[in-house]
Amino acid sequence: MNLYLDSYRRYCWRVRSVRDLSLAPLHLLATEGQLHIQRELWHMEKLAEVYKAGDGRLLATHYKQVDVIDTASVEEATR
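A brief structural summary. (Residues numbered from 1 in each chain as written. Predicted model: local features only at pLDDT ≥ 70, side-chain atom pairs only at ≥ 80, totals over all residues. Heavy atoms only, no water.)

Here the focus is the overall build of the chain. Scanning the chain from N- to C-terminus turns up three helices and two strands. For 79 residues, the compact-globule estimate of 2.2 N^0.38 gives 12 Å, and the C-alpha radius of gyration of the chain, at 16 Å, exceeds that figure by more than 25%. With the principal axes as the frame, the chain shows a C-alpha extent of 45 × 40 × 20 Å. Each of the 79 residues in the chain was classed as buried or not, and the buried ones make up 9%. Here the contacts in the chain between residues at least 6 apart in sequence split such that 39% fall between residues at least 24 apart. (Helix = DSSP H or I, 4+ residues; strand = E, 2+ residues; numbered from the N terminus. Rg over C-alpha atoms; globule rule 2.2 N^0.38 Å. Buried < 20%, exposed > 50% of the residue type's maximum accessible area, 1.4 Å probe, protein only. Contact = heavy atoms within 4.5 Å.)

A full pass over the atoms with the stated rule returns three salt bridges. Lys 64 is paired through a salt bridge with Glu 76; the nearest N and O atoms lie 3.1 Å apart. Here Lys 64 is found in the loop between helix 2 (42–53) and helix 3 (71–78), whereas its partner Glu 76 is found in helix 3, with twelve residues between them in sequence. Looking at Lys 64, the relative accessible area reads 48%, which means it is partly exposed. For Glu 76, a relative accessible area of 43% gives the class partly exposed. (Salt bridge = Lys/Arg side-chain N within 4 Å of Asp/Glu carboxyl O.)

This part covers the packing of aromatic side chains. Applying the stated rule across the entire model yields zero aromatic pairs. Note that Arg 39 overlies the ring of Trp 42, its terminal NZ or CZ placed 4.4 Å from the centroid. (Phe/Tyr/Trp six-rings, centres within 6.5 Å; stacked < 30°, edge-to-face > 60°. Lys NZ or Arg CZ within 6 Å of the ring centre and 35° of its normal.)

Once that is clear, we can look at the side chain of Ser 73. Tracing the backbone through its elements, the reader meets Ser 73 in helix 3. A distance of 3.0 Å separates the side chain of Ser 73 from the backbone nitrogen of Asp 67, its partner in a polar contact. Ser 73 has contacts with Gln 65, Val 66 and Asp 67, leaving out every residue within four places of it along the chain. (Polar contact = N/O pair within 3.5 Å; in protein donor to acceptor, adjacent residues only side chain to side chain.)

So, in structure tokens, the structure goes:
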């Protein structure tokens, strides 16, 4: 439980005005006329491009691809 709390605390801070807000989008699921669920990590790669071009209002979300059928992959991601 402590690892989970430590993980999400990086996305929490005191907000006193709109200038203090930042967003950490986790997924880009659709754009006009298209769904992207069939494109593995495409959405995370596109969001990384947006973060790099931005002004700091968007925060990058670290991610790891996990094969939920592979026990070793799940254990590595859990660590």
